Amino acid sequence: MEVNSFDKYFSSRYARLFVRIVILYLISTIFKSFDQSFIADLSVFNLRGHMFSIVYVLYGLLAWEGAIVVAKWAAPRFTQKKFFLLAGCLLAYGVVASYIFGLTYAVFDIVFFHRYEAWESVSHFSWDLIFGTWIFYLLLLTVNGIMYYYKAWKENQLQTERLMRENIQAKYDALRNQIDPHFFFNSLSVLTNLVYKSPDLAADYITQLAKTYRYILDKKFENLVPIRTELDFLESYLFLIRIRHQNSIRFHAEIDDSVKLKGLIPPATLQLLVENAIKHNRFSANDPLLIEVKSTGDSLVITNQLRARLHPETPSGIGLENIHKRYELAIGRGIEVIPSPDTFTVKIPVILS
């Protein structure tokens, strides 16, 4: 333990001890005001009254520690629905502790002051002893039982929240890892065709593929990336697309500089949306497909022309669904899909850093 933490531990411990002594002394004063044997002489120099308070404080400190032990033993065994069982344990402990205190002080009072009022209260279980029992019960239950139980409940809440965060992170990681094999499989499929058609283009393709896949690996453990970084990656990806489709795909980005610098999005979001547009629309060199990205307020709007294929591919569920779920896990809300007769638009939130 470091010196600073060591000092803090002992300072807090002494502070708690001081607070307990003050509380116990105040309770002893209240107790004396109800005890007929003290009412007759409550002067400042009443030695018997001061000795009672000293005994009460010393015994109370021991009883206080005992109550903490009881609470620590009982709290893990009783759930919130059985709180009354914890209270019952502390009540029983309070009765026993107060009765033992009565016996202890009765003996002390007889030996040092030759007074038998305390012994009468203990032997007949008088109203004074009942009040003392109630005081002990109130002290032990509220200060020890409820506070300790509340602390255990808060710790349980924090543990539950931590497990929820870990569960959300695990789901997010699963969605993010889903991109890796999907992207690599599609890239290898394209490369297979290029190897036979144009070895030179295939070599360039492999170089760019290495750059793009390195991005996927480097950002594997990041939940969010700057939009500027994502756009650089997208340019490399579009290079691969243009090698395969020549001039059949046109891409235009119009994003504010402030959004590029400060905006964050989940990695590979734009790449998946561009890939989704290419996968589900027809295009040719004479009639290229236009894909646009624009910034509007706190969102990016990705729009592509809608040209249904004669033989549409079966959706894999990795594109839009993956992005939507990653956004929900990251910020609590998903993306907005805005279809129309001529265009397909996806609105994604920009997370400002």
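Our structure's up above, just so we're on the same page.
Residues numbered from 1 in each chain as written. Predicted model: local features only at pLDDT ≥ 70, side-chain atom pairs only at ≥ 80, totals over all residues. Heavy atoms only, no water.

**Some remarks on the sheet that holds strand S7 (residues 343-349)**
Our working definition: Two strands pair if DSSP finds at least two bridges between them. For the purposes of this entry, the term helix denotes a DSSP run of H or I that reaches at least four residues, the term strand denotes a run of E that reaches at least two, and both are numbered from the N terminus. The angle between two axes is taken between their N-to-C directions and runs from 0 to 180 degrees, where each axis is a line fitted to C-alpha atoms and a helix contributes only its stretch in contact.
On the basis of which strands lie adjacent, the open sheet formed by 5 strands has the order S2-S4-S5-S7-S6 and mixed pairing. Because the sheet does not close on itself, it has two edges, and the strands there are strand S2 (249-254) and strand S6 (336-339). Strand-to-strand, the axes of this sheet are offset by a mean angle of 15°, without reference to chain direction.

**What about the pattern of salt bridges?**
Going by this rule: What makes a salt bridge here is a side-chain nitrogen of Lys or Arg within 4 Å of a carboxyl oxygen of Asp or Glu, nothing more. In this scheme, a residue with accessible area under 20% of its type's maximum is buried, one over 50% is exposed, and one in between is partly exposed, where area comes from a 1.4 Å probe on protein chains only.
Per the stated rule, a full pass over the model turns up 2 salt bridges. Put simply, Lys325 and Glu321 hold a salt bridge, and the shortest N to O gap is 3.0 Å. Of this pair, Lys325 and Glu321 both sit in helix H11 (residues 320-331), 4 residues apart, which is roughly one turn of that helix. According to the relative accessible area criterion, Lys325 is partly exposed, its value standing at 36%. Since its relative accessible area comes to 41%, Glu321 is described here as partly exposed.

**Describing unusual backbone geometry**
Phi angles above zero are rare outside glycine, and Ala268 is one such case at about 70°. Within the element layout of this structure, Ala268 appears in the loop between strand S3 (263-265) and helix H10 (269-280). Ala268 gets classed as buried once you look at its relative accessible area, which sits at 1%.

**Overview of the packing of aromatic side chains**
Worth spelling out the cut-off: Within 6.5 Å between ring centres, the rings of Phe, Tyr and Trp (the latter by its six-membered ring) count as paired, and their orientation is classed by plane angle as stacked under 30 degrees, edge-to-face over 60, tilted in between.
Scanning the model with the defined rule gives 3 aromatic pairs in all. Aromatic pair Phe108 and Phe112: ring centres 4.6 Å apart, planes at 40°, arrangement tilted. One end of the pair is Phe108 and the other is Phe112, both in helix H4 (residues 83-113) and 4 residues apart, which spans about a single turn. Where Tyr215 meets Phe233, the ring centres are 4.1 Å apart and the plane angle is 10°; that geometry is what we call stacked. Of the two residues, Tyr215 is situated in helix H7 (residues 199-218) and Phe233 in helix H8 (residues 227-245); the sequence distance between them amounts to 18 residues. Summarising the burial analysis for this pair, Tyr215 and Phe233 share the class buried.

**Considerations on the nonpolar core**
Note the following rule: Nonpolar cores were defined as sets of buried Ala, Val, Leu, Ile, Met, Phe, Trp, Tyr and Cys residues, with membership established by side-chain atoms within 4.5 Å. Every residue pair with non-hydrogen atoms within 4.5 Å of one another is taken to be in contact.
Core analysis: the largest hydrophobic core is formed by 32 residues, its most contacted members being Ile291, Leu300 and Ile348. Of all the secondary structure elements, the ones that give two or more residues to this core are H8, S2, S3, H10, strand S4 (289-296), strand S5 (299-305), H11 and S7. Not counting residues within four places of it along the chain, the set of residues in contact with Leu300 comprises Ile227, Ile255, Val259, Leu270, Val293, Lys294, Ser295, Val346, Lys347, Ile348 and Val350. With 18 residues, the next largest nonpolar core counts Leu24, Tyr59, Leu61 and Trp64 among its residues.

**With respect to the side chain of Ser236**
On the secondary structure map, Ser236 appears in helix H8. Residues in contact with Ser236, not counting those within four places in the same chain, are Gln208 and Thr212.

**Things to note about a nonpolar patch on the surface**
Rules: Patch membership is restricted to residues that have no salt bridge and whose relative accessible area is over 30%. Joining uses 9 Å for like charges and 5 Å for the nonpolar side chains Val, Leu, Ile, Met, Phe, Trp and Tyr. Exposure was quantified through the Shrake-Rupley algorithm and a 1.4 Å probe, taking into account, for residues, occlusion by the shown protein chains and nothing else.
On the surface, Phe18, Val19, Val22, Tyr25 and Leu26 cluster together into a nonpolar patch covering about 470 Å² of accessible area. Relative to the helices and strands, Phe18 is located in helix H1 (residues 3-34). The exposure class of Phe18 is exposed, given its relative accessible area of 56%.

**Brief notes about the packing of H10 against H11**
The line we're drawing: For classification purposes, angles smaller than 35 degrees are called roughly parallel, those larger than 145 roughly antiparallel, those between 65 and 115 roughly perpendicular, and all remaining angles oblique. Crossings are classed by handedness, with left-handed meaning an anticlockwise turn of the near helix from the far one by less than a right angle and right-handed meaning a clockwise turn.
Packing of H10 against H11 brings their axes to within 9 Å, and their N-to-C directions diverge by 155°. Between H10 and H11, the angle falls in the class roughly antiparallel. Handedness of the crossing formed by H10 with H11: left-handed. Here H10 contributes Thr269, Leu272, Leu273 and Asn276 to the contact with H11, which in turn contributes Leu320, Asn322, Ile323, Arg326 and Tyr327.

**Overview of the pairing of S5**
With 6 of 7 residues buried, S5 lies mostly within the body of the structure. As defined by bridge partners, S4 adjoins S5 across 6 bridges and the pair is classed as antiparallel. In the sheet register, Glu292 faces S5, and the bridge partner there is Thr303. Where S4 hands over to S5, the hairpin turn is made up of 2 residues, of which Gly297 adopts a positive phi near 65°. Summarising the sheet, S5 and S7 pair through 7 bridges and their orientation is antiparallel. Considered in S7, the bridge of Val301 is made with Lys347.

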